[in-house]
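# Secondary and tertiary structure notes
Residues per chain are reported as follows:
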Amino acid sequence: DAGITQSPRYKITETGRQVTLMCHQTWSHSYMFWYRQDLGHGLRLIYYSAAADITDKGEVPDGYVVSRSKTENFPLTLESATRSQTSVYFCASSTTGDRETQYFGPGTRLLVL
Amino acid sequence: GEDVEQSLFLSVREGDSSVINCTYTDSSSTYLYWYKQEPGAGLQLLTYIFSNMDMKQDQRLTVLLNKKDKHLSLRIADTQTGDSAIYFCAESITSNTGKLIFGQGTTLQVKP
């Protein structure tokens, strides 16, 4: 089915473990984004990618790693999860950068114990 | 630095108009957006306005932009219970990177 999907939708992990959140889009959009949503902060950009093999840091990149070997996938890895990374993570994509709609995935709810 | 501020909560009665306000700091913003988030879901783009416009109307939605005061508002006419959601204001700050700066979100509660 077309669209932007995220997996898993819910994840519980422990401090220190590595976690990878997946994002997949079927539109061949060039741009992809990872945000985290926390109460009182709205959405904050973690990383974004303008195309395959091109990534750049957003507002809150520390503790996260991304890769983009294929246009359609943009996984986000927490190399050593911390409690402060408990959040809802949203992936988004758009055809280009400015002036284009960003389409959001349904989100991944991550709890780090 | 860039910052987007919104009030956190608004309660209205069904059938009334809702006005959600937003202020931003970056005068180089090119586009300003309103997104809607329903419970348990991602964000859905409602509407956007280019920075050289003052107003944009789309069915029940009216966006007003005051560039001098860096103030953006979203008016929802004839508010329905289905409009209950969190509304996010966002600004696009740098051309061709697609980076958006979001406000904290305004929770709109519509009472029957």
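Residues numbered from 1 in each chain as written. Chains lettered and ligands numbered in written order. Predicted model: local features only at pLDDT ≥ 70, side-chain atom pairs only at ≥ 80, totals over all residues. Heavy atoms only, no water.

## Brief notes about the state of the cysteines
The tally for this structure, following the rule as stated, stands at 2 disulfides over all chains. Each sulfur of the disulfide joining A:Cys23 and A:Cys91 lies 1.8 Å from the other. Here the disulfide of A:Cys23 and A:Cys91 is left-handed, its torsion about the S-S bond being about -75 degrees. Of this pair, A:Cys23 sits in strand S3 (residues 19-25) while A:Cys91 sits in strand S9 (residues 87-94), and the two are 68 residues apart along the sequence. Each member of the pair, A:Cys23 together with A:Cys91, is buried. Two residues, B:Cys22 and B:Cys89, share a disulfide whose sulfurs are 2.0 Å apart. Its S-S torsion of about -60 degrees marks the bond between B:Cys22 and B:Cys89 as left-handed, since a negative value means left-handed. Placement of the pair is B:Cys22 in strand S3 (residues 18-24) and B:Cys89 in strand S9 (residues 85-92), with a sequence separation of 67 residues. Assessed through its relative accessible area of 1%, B:Cys89 is described here as buried. (Disulfide = S-S within 2.5 Å. Helix = DSSP H or I, 4+ residues; strand = E, 2+ residues; numbered from the N terminus. Buried < 20%, exposed > 50% of the residue type's maximum accessible area, 1.4 Å probe, protein only.)

## Observations concerning the sheet that holds S3(A)
Hydrogen bonds between backbone atoms are what pair the strands of a sheet, whose relative direction is either parallel or antiparallel. All names here are of chain A. Spatial ordering of the open sheet is given by S1-S3-S8-S7, a layout of 4 strands whose pairing is antiparallel. Two strands bound the open sheet, and with one partner strand each, they are strand S1 (4-7) and strand S7 (64-66). Neighbouring strand axes in the sheet, compared pairwise and without regard to direction, differ in orientation by 20 degrees on average. Examined bridge by bridge, S1 and S3 share 4 bridges and lie antiparallel to one another. Directly across from Ile4, in S3, lies its bridge partner Gln25. (Pairing = 2+ DSSP bridges. Axes fitted to C-alpha atoms, helices over the stretch in contact; angles between N-to-C directions.)

## Structural notes on the confidence of the model for chain A
When pLDDT is averaged along chain A, the result is 92; 95% of the residues meet or exceed 70. The least confident element of chain A, judged by mean pLDDT, is strand S10 (residues 103-104) of chain A at 90; the most confident is strand S8 (residues 76-78) of chain A at 98. (pLDDT = per-residue confidence, 0-100.)

## With respect to the sheet that holds strand S6 (residues 55-58) of chain B
All names here are of chain B. Within the open sheet, the 5 strands sit side by side as S1-S3-S8-S7-S6. Their pairing is antiparallel. Where the open sheet ends on each side, the last strands, each with one partner, are strand S1 (4-6) and S6. Recorded for the sheet is a direction-independent mean angle of 15 degrees between the axes of neighbouring strands. Bridge analysis of S3 against strand S8 (residues 71-76) gives 6 bridges, and the strand direction is antiparallel. Looking across to S8, one finds that Ser18 is bridged to Ile76.

## Some words on the environment of A:Lys70
Residues and elements named next belong to chain A. Mapping Lys70 onto the fold places it in the loop between S7 and S8. For Lys70, a relative accessible area of 48% puts it in the partly exposed group. Considered as a pair, Lys70 and Ala51 are 19 residues apart in the sequence and their alpha carbons are 8.6 Å apart.

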